[in-house]
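Chain and residue survey
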Amino acid sequence: MNERLPDEPAGRVEALLDEIVDALDLDAEVVVEEVEDEIAARVEGHDLGLLIGRRGQTIDAVQLICYRVAFRGRGDRKRVSVDAAGYRERRRQTVERQADRAADRALETGKEIELEPMSPTERKIVHDRLAERSGLETFSEGEEPERCVIVAPLVGG
Amino acid sequence: MRDLVEFLVRALVAEPDAVRVSEIDEDDGTVLEVRVADEDLGRVIGRDGRVANAIRTIAKAAATATDGGRVMVEIVED
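Residues numbered from 1 in each chain as written. Chains lettered and ligands numbered in written order. Predicted model: local features only at pLDDT ≥ 70, side-chain atom pairs only at ≥ 80, totals over all residues. Heavy atoms only, no water.

1. Quick word on the overall build of chain A
Cut-off, in case you're wondering: Numbering of helices and strands runs from the N terminus; a helix is a DSSP stretch of H or I covering at least four residues, while a strand is a stretch of E covering at least two. Using a 1.4 Å probe on the protein chains alone, a residue whose accessible area is under 20% of its type maximum counts as buried, one over 50% counts as exposed, and one in between counts as partly exposed. Any pair of residues with heavy atoms lying within 4.5 Å of one another is described as a contacting pair. Only the protein chains shown count as covering a residue, and every accessible area follows the Shrake-Rupley method with a 1.4 Å probe. None of His or the chain ends enter the tally, which takes Lys and Arg as positive and Asp and Glu as negative. Note on charges: their place is set at NZ of Lys, CZ of Arg, CG of Asp or CD of Glu.
The secondary structure content of chain A amounts to five helices and six strands. Going from N to C terminus, chain A has its helices and strands arranged as α-β-β-α-α-β-α-β-α-β-β. Here chain A, with 157 residues, has 41% of them falling under the buried criterion. Within chain A, contacts between residues at least 6 apart in sequence are counted, and of these 56% link residues at least 24 apart. When the accessible surface of chain A is summed, it comes to about 8800 Å², and 44% of that surface belongs to carbon and sulfur atoms. Charge centroids of chain A, computed over 24 positive and 36 negative side chains, lie 4 Å from each other.

2. Here we look at unusual backbone geometry
Glycine aside, negative phi is the norm for most residues, and most peptide bonds take the trans geometry. Residues and elements named next belong to chain A. Cis rather than trans, the peptide bond between E144 and P145 has omega equal to 0°. The residue P145 is located in the loop between β5 (136-141) and β6 (148-153) in this model. Phi is positive for D25, which is not a glycine, with a value near 55°. With respect to the secondary-structure elements, D25 resides in the loop between α1 (9-23) and β1 (28-35). Positioned with a positive phi, R55 is a non-glycine residue whose angle comes to about 50°. By the element assignment, R55 lies in the loop between α2 (49-52) and α3 (57-70).

3. Things to note about the domain arrangement of chain A
Quick reminder of the rule: Domain ranges listed in this record stem from an automatic or a database domain assignment.
Structurally, chain A comprises domain 1 (9-85) and domain 2 (91-153). Measuring from the centre of the C-alpha atoms in domain 1 of chain A to the corresponding centre in domain 2 of chain A gives 28 Å.

4. Focus on the interface of chain A and chain B
For clarity, the cut-off: In short, buried area is how much 1.4 Å probe accessible area vanishes from two parts on joining, totalled over both. Throughout this description, a polar contact denotes any pair of N or O atoms lying within 3.5 Å of each other; where both atoms belong to protein, one of them has to be capable of donating a hydrogen while the other can accept it, and for residues adjacent in sequence the pair is counted only when both atoms sit in side chains. When residues are sorted by character, Ala, Val, Leu, Ile, Met, Phe, Trp, Tyr, Cys and Pro go into the nonpolar class, Asp, Glu, Lys and Arg into the charged class, and all the rest, Gly among them, into the polar class.
If you look at the interface, chain A gives 20 residues, while chain B gives 22 residues. Both faces combined, the contact of chain A with chain B buries some 1900 Å², and carbon together with sulfur accounts for 75% of it. Our count for the contact surface shared by chain A and chain B stands at two residue pairs in polar contact (both at pLDDT 80 or more). At the level of elements, α1 and α3 of chain A are the ones that each hand at least two residues to the side of chain A that touches chain B. In terms of residue class, the side of chain A that touches chain B is made up of 13 nonpolar, three polar and four charged.

5. Some remarks on the packing of helix α1 (residues 2-12) of chain B against helix α3 (residues 50-65) of chain B
All names here are of chain B. Under the convention used in this document: An axis is simply a line fitted to the C-alpha atoms; with a helix, the fit covers only the stretch in contact. Between two such axes, the angle follows the N-to-C directions and lies from 0 to 180 degrees. For this classification, under 35 degrees means roughly parallel, over 145 means roughly antiparallel, 65 to 115 means roughly perpendicular, and everything else is oblique. Each helix crossing is assigned a hand: it is left-handed if the near helix lies turned anticlockwise from the far helix by less than a right angle, otherwise right-handed if that turn is clockwise.
Running from amino to carboxyl end, α1 crosses α3 at an angle of 155°, the nearest separation of the two axes being 10 Å. Taken together, the axes of α1 and α3 lie roughly antiparallel to each other. The way α1 lies across α3 gives a crossing that is right-handed. Along its contact with α1, which presents L4, V5, L8, V9 and L12, the element α3 presents V51, I55, I58, A59 and A62. Partitioned by chemical class, the residues of the contact of α1 with α3 number 10 nonpolar, no polar and no charged.

6. Describing the sheet that holds strand β2 (residues 38-45) of chain A
Residue and element names in this part refer to chain A. Heads up, the condition is: In this scheme, strands are said to pair when DSSP sees at least two bridges between them.
Across the sheet, which stays open at both edges, the three strands sit in the order β1-β2-β3 with mixed pairing between neighbours. Of all the strands in the sheet, just β1 and β3 (79-84) have a single pairing partner and so form its edges. Sheet twist, expressed as the mean angle between neighbouring strand axes with direction ignored, is 15°. As defined by bridge partners, β2 adjoins β3 across six bridges and the pair is classed as parallel. Within β3, the position partnered with R42 by the bridge is D83. Across the sheet, α1 lies against β1, β2 and β3, angled at about 165° from β1, the strand it touches most.

Here it is in structure tokens:
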């Protein structure tokens, strides 16, 4: 078991994901693509909720381990992303909708609105989404993994 | 589940042959004690314990898949 991980980062990511898919007893296929600045892996199949986890915490854990394993002992690092059944895009849309609603409510009520806890990647989606909205500012508060974005109306905005 | 944790830890470290994972059954679940070479401790724990927590999260998912009940992963520093 595991005696020979491939040398190449993309091969390591694929071997790792194959093992995890097996251990979670999923009926799924692993696809890994490498481009200049990223190794993009995705798991395709049905019923991948267990791999994704609550608020994506399992897929984020898998992504972190993949990155660490891919580039252990190497200097040529690049981003590693792991997706499951289109989860990342669906989640991005959900987070953007939450950001929009929080912005509307903050402007209506003049009060700070606290979003649910999010990963750093998700918080960046909120900050980027609301960067162009006038009369608002966004910042993050709290400690991981409960850190969340606050949407605040600007005084006099 | 033990096999998966061993696989992940061996993949993370520079000295896979030094990796030992022992499984201890307790009333409220299974404890997996992970031992690695001293110089690999940082690789399996990570900044603020992020790597160790990621291993725990994946182990929990595997335990759910196999109906293995509660699982605790402990990185043992001898």
